[in-house]
Amino acid sequence: MAESGGTTKEQINIFKIDEIYLFKHYFEGVDVFGRLKPFYNHSQYRFEVPTDEFEELRSFLTDHGYDLVVVEPIAKFVVVVEKYTAHPENIFKDSVIQRSANGYNCFLLTDQYAVAEAVSEGATRLSDTDLQNPFR
């Protein structure tokens, strides 16, 4: 949680990928989710906000107790797992986006807790490999 003007706001990590802001979060309340619903990708279980609508949405969420943090650089949130091997249990639930590169599945995860959990279950931090960041 982040402090802002004496009130505690729930922090949400946002990732800018291919000119779209991506994030995963469970929002309580019909008003907030109703405003975000047009940006929700049901098949990927994530929100996808075009750059030209991001600041307005950020302002709305700030007013409703959320602090959107655009993560840069994103590489510290990326883990990799060799293709066709067992994947950590949390990796799909906590993955914002997944791409393949050089025989590996690369996952951009929601937060550092998810990264630590995935690493403890066998994933490798992107920074510990020779792979290029596939999310640039």
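Now for a quick tour of the structure. What you see is a predicted model, and the numbers here were worked out from it, not measured in a lab.

### Describing helix α3 (residues 112-120)
Here's step 1: Buried within α3 are the following residues: A114, V115 and A118. The buried residues of α3 occupy one face: seen down the axis, they fall within an arc of 100 degrees. Residues Y113 and S120 are exposed on α3 and point more than 90 degrees away from its buried face.
Here's step 2: Residues of α3 that are buried in the fold lie against β7 (78-82), β9 (104-109) and β10 (124-125).
Here's step 3: The backbone nitrogen of Y113 lies 3.1 Å from a side-chain oxygen of the residue at the head of α3, namely D111.
Here's step 4: Directly after α3, the chain includes G122, whose backbone phi takes a positive value near 115 degrees.

### With respect to the side chain of N90
Here's step 1: Relative to the helices and strands, N90 resides in the loop between β7 and β8 (95-101).
Here's step 2: A polar atom in the side chain of N90 sits 3.3 Å from the backbone oxygen of A114.
Here's step 3: Discounting residues that sit within four places of it in the chain, N90 has contacts with A114, E117, A118 and E121.

### Structural notes on the layout of surface pockets
Here's step 1: The volume enclosed by the largest pocket comes to roughly 220 Å³.
Here's step 2: Considering the residues around the largest pocket, the lining is formed by Q11, I12, N13, K24, H25, Y26, K93, D94, T110, D111, Y113 and A114.
Here's step 3: When contributions to the lining of the largest pocket are tallied by element, the ones reaching two or more residues are β2 (7-17) and α3.
Here's step 4: A breakdown of the residues in the lining of the largest pocket according to their chemical character gives four nonpolar, four polar and four charged.
Here's step 5: For the second largest pocket, the calculated volume is near 180 Å³.
Here's step 6: Forming the walls of the second largest pocket are K24, S43, Q44, Y45, R46, F92, K93, S95, V96, I97, Q98 and F107.
Here's step 7: Considering every element that reaches the lining of the second largest pocket, the biggest residue donor is β8, with four residues.
Here's step 8: Here the residues of the lining of the second largest pocket sort into five nonpolar, four polar and three charged.

Calculation notes
Residues numbered from 1 in each chain as written. Predicted model: local features only at pLDDT ≥ 70, side-chain atom pairs only at ≥ 80, totals over all residues. Heavy atoms only, no water. Buried < 20%, exposed > 50% of the residue type's maximum accessible area, 1.4 Å probe, protein only. Helix = DSSP H or I, 4+ residues; strand = E, 2+ residues; numbered from the N terminus. Arc of directions from axis to C-beta. Contact = heavy atoms within 4.5 Å. Polar contact = N/O pair within 3.5 Å; in protein donor to acceptor, adjacent residues only side chain to side chain. 1 Å grid on protein atoms, 1.4 Å probe; cavity = no way out; pocket = protein on both sides within 12 Å on 5 of 7 lines; lining within 4 Å. Points joined across faces, edges and corners; volume = space filled by probe spheres on them. Nonpolar A, V, L, I, M, F, W, Y, C, P; charged D, E, K, R; others polar.

Nothing here speaks to function; it is geometry throughout.
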